[in-house]
Amino acid sequence: MSEPAISEELIAAHGLNKDEYQRILNLLHRTPTFTELGIFSAMWNEHCSYKSSKKWLRTLPTTGKNVICGPGENAGIVDIGDGQAVVFKMESHNHPSFIEPYQGAATGMGGILRDVFTMGARPIAAMNSLSFGELSHPKTKSLVSGVVEGIGGYGNSFGVPTIGGELRFDKSYNGNCLVNAFAAGLVKTDKIFYSAASGIGMPVVYLGAKTGRDGVGGATMASAEFDDNIEEKRPTVQVGDPFTEKCLMEATLELMDTGAVISIQDMGAAGLTCSAVEMGDKGNLGIELNLDNVPIREENMTAYEMMLSESQERMLMVLDPELEKEAKEVFKKWDLDFAIVGKTIEEDKFEVWKDGEIKASLPLKALSGTAPEYDRPYITKTSKKLKNFEVPRIDAISALKRLLQNPNFGSKSWVYQQYDHMVMADTIRRPGTGAGIVRIHKTSKALAFTSHVNPRYCQADPFEGGKQAVAEAYRNLVSVGAKPLAATDNLNFGNPEKPEIMGQFVNCIRGISEACKYLNVPIVSGNVSLYNETDGEPIQPTPTIGAVGLIEDLGNMIEGPAQPNDVLILIGEQGNHLQQSAIMSVISNNSNGQPPITDLEKEKRNGEFILNSISFMSSCKDLGQGGIALGAFKMAIEADIGVSIEEKDIPWYFGEDQGRYLVTSTTSNALILLEEARNTNIDARIIGSFGGKLIKLGKSFLQYDELKMIYSKSLELALE
Amino acid sequence: MKAAVIVFPGSNCDRDLAIAFEKVTGTKTKLIWHKDANIPNGIDIIGIPGGFSFGDYLRVGAIAAQSPICKALVDYVNSGGYVLGICNGFQILTETNILPGTLMRNQGLKYICSEIELLVENNNTAFTHGFQNKQNIKLPIAHHDGNYFADNETVKSLNDKNCIAFKYTKNPNGSVDDIAGVLSQNKRVLGMMPHPERLNDQSLGGTDGGLIFGAIESMLS
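Residues numbered from 1 in each chain as written. Chains lettered and ligands numbered in written order. Predicted model: local features only at pLDDT ≥ 70, side-chain atom pairs only at ≥ 80, totals over all residues. Heavy atoms only, no water.

A. Focus on the packing of aromatic side chains. Applying the stated criterion across every chain, the model contains 17 aromatic pairs over all chains. Here the aromatic rings of Phe90 of chain B and Tyr148 of chain B are separated by 5.8 Å at their centres, their planes lie at 15 degrees, and the arrangement is stacked. Here Tyr148 of chain B lies in strand 8 (residues 147-149) and Phe90 of chain B lies in helix 3 (residues 88-95), a separation of 58 residues in the sequence. A residue is classified by how much of its surface remains accessible, and Tyr148 of chain B, at 0% relative accessible area, is buried. Members of the aromatic cluster, connected to one another through ring pairs, are Phe88, Phe182 and Phe449 of chain A. The ring of Trp56 of chain A has Lys55 of chain A lying over it, and the distance from NZ or CZ to the ring centre is 5.1 Å. When the ring centre of Phe98 of chain A is taken as reference, the NZ or CZ atom of Lys139 of chain A above it lies at 4.6 Å. (Phe/Tyr/Trp six-rings, centres within 6.5 Å; stacked < 30°, edge-to-face > 60°. Helix = DSSP H or I, 4+ residues; strand = E, 2+ residues; numbered from the N terminus. Buried < 20%, exposed > 50% of the residue type's maximum accessible area, 1.4 Å probe, protein only. Lys NZ or Arg CZ within 6 Å of the ring centre and 35° of its normal.)

So this is what it looks like as structure tokens:
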């Protein structure tokens, strides 16, 4: 079959600009073939090449005493002692989920799980951070249902517990929803697998499902803005098959046990192209592929289609030829494809053959090494603190009721009940509030997971917003008694070619870096999603932080819940910061003002105080959106009893000052805690007590049962 | 007591079930691959785990019921063997006609993962003698197709012959007569949608599930 001639339109349709095409001509000293053009577009699009973000990603702290593998591989790896490590990453599937919510979200889940088990780790926990448009927008409800069903449909079948996440609604996501999926797995430190090929003439083996035409050009699609014609992009979305993925994982882990795997890489964005080039590039080798041997499920596929297909549940590996028979046996057992499709070569070349013809012959190193990199211009914009800020006149308990009626702050059980959060029978702390926890089999240890970002803060002040995202994730982990280990970042922004968007990106990264350095939480993996814009309307900057913490001894974790007659203690200063707060977003349209400033020194000191005082607490909750009022209410929900807090004003109840916790304990333990706080110069004071059937904020109160009903139903009612 | 667990491609509670057995037996649970045609000698009870065997494609449990091991399973049951099928395992037991009825899509059409309350309806079995009759117990459910259905005659017969092990106190999925767990006529096969293996340790939030495994062990050892 003859390939189309290269034209200006064809180049533009591949998302390559004039300079980038010139770069190709300079490299090849000839016109590329159609297949080669496809390969370049797959390798050089924003999604795969990080061409706008690379310069800034390099500034993130990525190393640490326990870090075994930082960014650049399929996922990050952190040592947790006793010869074990946790492997994790968060990745976006925003564009596909907006076009086709069920499959977009399902394959997002599939992709992130594959990243984890490709490294030899069995996935043990998943989370997802979801952002949708306003509930009044005609598309929102169907997107929410489709995305949640897609994540559940894939994760439940695969058999990984989904133990946490986030869900928010804001009009800036009307035209671009965000689906950020996180997965973590457990691996033995001496059984980690990487993607760098080694050895010359080694067989390159294709594993898993067959190749079809789905997802051709997906990565290029995900590197552009949307307009009115997005329906036409539906075929660029892949179709997921969790059953095949589950079998692929079991087969891959079994295969790794045979010793036959030299290196391995999953086929994700840009499929065969990206995985083959990455393996060659990292191992300083060339790769030769013969597409005639690739298992296909559709007839008459061209080399172009096969190289760009994003069919799911596929892997590429370099095999130890002496163990070919054993390796084949494993895949036969699981009824999966196993085909030798090429070999490693000494020469720096990426050569693709089909029907006895060369379809592509490119310098391999240059494909990834000379990808364009941009230092895009940016401008920094931050909102100033409002001098004449008017505190809303509203009764405290009515304000809490208004907050709970808003689906952003109500219970998310409608979502997480659709996810299996108990499979593997290790879930110590189920989703609901704060971090989720899974124990580690045959040890007394456990891992805590959380994800956080406050896009409203990031919009108002990207630097402080970035800092806060890390700090609150840190706080979430501390509040369950886990020592924060490391984090992954999923950076979702608009069009980086606009200086103010680039400014948001740069400053969020600066904020994240500063907080990660100070709190000793390195970023070990991550993903960037740009061009989240429709018709020029960008999303709020949304740098989601997924963080992992270690509980060394299950016997020494903060179990909760609060008990009747426990006193409520505020750790951290008494606050009053209402600008950019949750309560303001609900009761006023004033979106101006400055977000709270995170004092990292206090953040760390207060966090360490909590971790050192676990034995004196019955429960703990970190404070974030909704301040003391919402925090105490959620503790009451967990304990299923009322709470009474002293008489104060609206800024005190709902202020979102950072670095704070609520802690409960018996009266006698409270005295010890307060004494300990005094000795270590930590702000701490008793502000209320648990028990009874009322939620009391000073003199104003409502029945616990009434507020509980509102809280548990607000999301469900909004989605009906 | 020696327990075995059948593993189908797509099973995902096989490890959890094997461990729950190990916790009471103290010995390694035997795993049987679905392509095997025989059940090894000396097995006192067979567990059929939850999950999505063959992806739940076609109809839940339908493809698994055609696996070579399921012929051997039917023989094992006919010769008086004990079987515990949980969730997808229950679905497979109905597809092999070892237990009557069928499991349809939940009435609300959504997957539900939640802790629910059950009423023990027959405590005179190897699985349930650790409970009182009509005792309220808590177990988690996690399924998309847990809506048990059988015709009126079958339901009446199940009630009359004490073949209902558990009923839901608040029916989550539309099951006929609130049925959550069904026994064979000889009471040696139990199929149930809730997951006892997920609640057998205080750190997981409860131990009611563990009582089922404890009961099995004390009866069969």
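Having seen the model, we can carry on.
B. Structural view of the pairing of strand 8 (residues 261-266) of chain A. All names here are of chain A. For strand 8, the tally of buried residues reaches five of six residues, placing the bulk of the element in the interior. Summarising the sheet, strand 8 and strand 10 (residues 314-319) pair through five bridges and their orientation is antiparallel. Residue pairing across strands places Val261 opposite Leu319, the latter belonging to strand 10. (Pairing = 2+ DSSP bridges.)

C. Main features of the packing of helix 7 (residues 101-117) of chain A against helix 10 (residues 242-258) of chain A. Residues and elements named next belong to chain A. The interhelical angle for the contact between helix 7 and helix 10, taken along N-to-C directions, is 10 degrees, at an axis separation of 11 Å. When the axes of helix 7 and helix 10 are compared, the pair comes out roughly parallel. In this structure, helix 7 contributes Gly110, Leu113, Arg114 and Phe117 to the contact, and helix 10 contributes Glu245, Leu248, Met249, Thr252, Leu253 and Met256. Of the residues in the contact of helix 7 with helix 10, the class split is six nonpolar, two polar and two charged. (Axes fitted to C-alpha atoms, helices over the stretch in contact; angles between N-to-C directions. Parallel < 35°, antiparallel > 145°, perpendicular 65-115°, else oblique. Contact = heavy atoms within 4.5 Å. Nonpolar A, V, L, I, M, F, W, Y, C, P; charged D, E, K, R; others polar.)

D. Inspection of helix 24 (residues 667-679) of chain A at higher detail. All names here are of chain A. The end-to-end C-alpha distance of helix 24, which contains 13 residues, comes to 19 Å, matching closely the 18 Å that a straight helix rising 1.5 Å per residue would cover. If you check which residues of helix 24 are buried, you get Ala670, Leu673, Leu674 and Ala677. The buried side chains of helix 24 occupy one side of the element, clustering within an arc of 95 degrees when seen end-on. For helix 24, exposure combined with an orientation more than 90 degrees from the buried face picks out Leu671 and Asn679. Residues of helix 24 that are buried in the fold lie against strand 22 (567-571), helix 21 (600-612), strand 25 (661-665) and strand 26 (684-690). Directly beyond the C-terminal end of helix 24, a positive phi value near 65 degrees is found at Asn681. (Expected span 1.5 Å × (residues − 1). Arc of directions from axis to C-beta.)

E. Structural detail: the pattern of salt bridges. Applying the stated rule across the entire model yields 52 salt bridges over all chains. Here Lys55 of chain A makes a salt bridge to Asp375 of chain A, at a shortest N to O gap of 3.6 Å. Of this pair, Lys55 of chain A sits in helix 5 (residues 54-57) while Asp375 of chain A sits in the loop between helix 14 (364-369) and helix 15 (396-405), placing them 320 residues apart in sequence. In this structure Lys55 of chain A comes out as partly exposed when scored by relative accessible area, which is 29%. The class of Asp375 of chain A is exposed, set by a relative accessible area of 52%. One continuous salt-bridge network, built from bridges that share partners, spans Asp426 and Arg439 of chain A together with Arg15, Asp16, Lys23 and Asp201 of chain B. (Salt bridge = Lys/Arg side-chain N within 4 Å of Asp/Glu carboxyl O.)

F. Expanded view of the sheet that holds strand 6 (residues 178-188) of chain A. Residue and element names in this part refer to chain A. With respect to topology, six strands assemble into an open sheet ordered 1-2-3-6-4-5, the strand pairing being mixed. Two strands bound the open sheet, and with one partner strand each, they are strand 1 (67-69) and strand 5 (162-169). Averaged over all pairs of adjacent strands, the angle between strand axes in this sheet comes to 20 degrees, irrespective of strand direction. Pairing analysis gives two bridges linking strand 1 to strand 2 (residues 76-81), with the strands arranged antiparallel. Opposite Val67, over in strand 2, you have Val78 as the bridge partner. Set on the sheet, helix 7 makes contact with strand 3 (84-92), strand 4 (122-132), strand 5 and strand 6; between it and strand 6 the angle comes to about 25 degrees.

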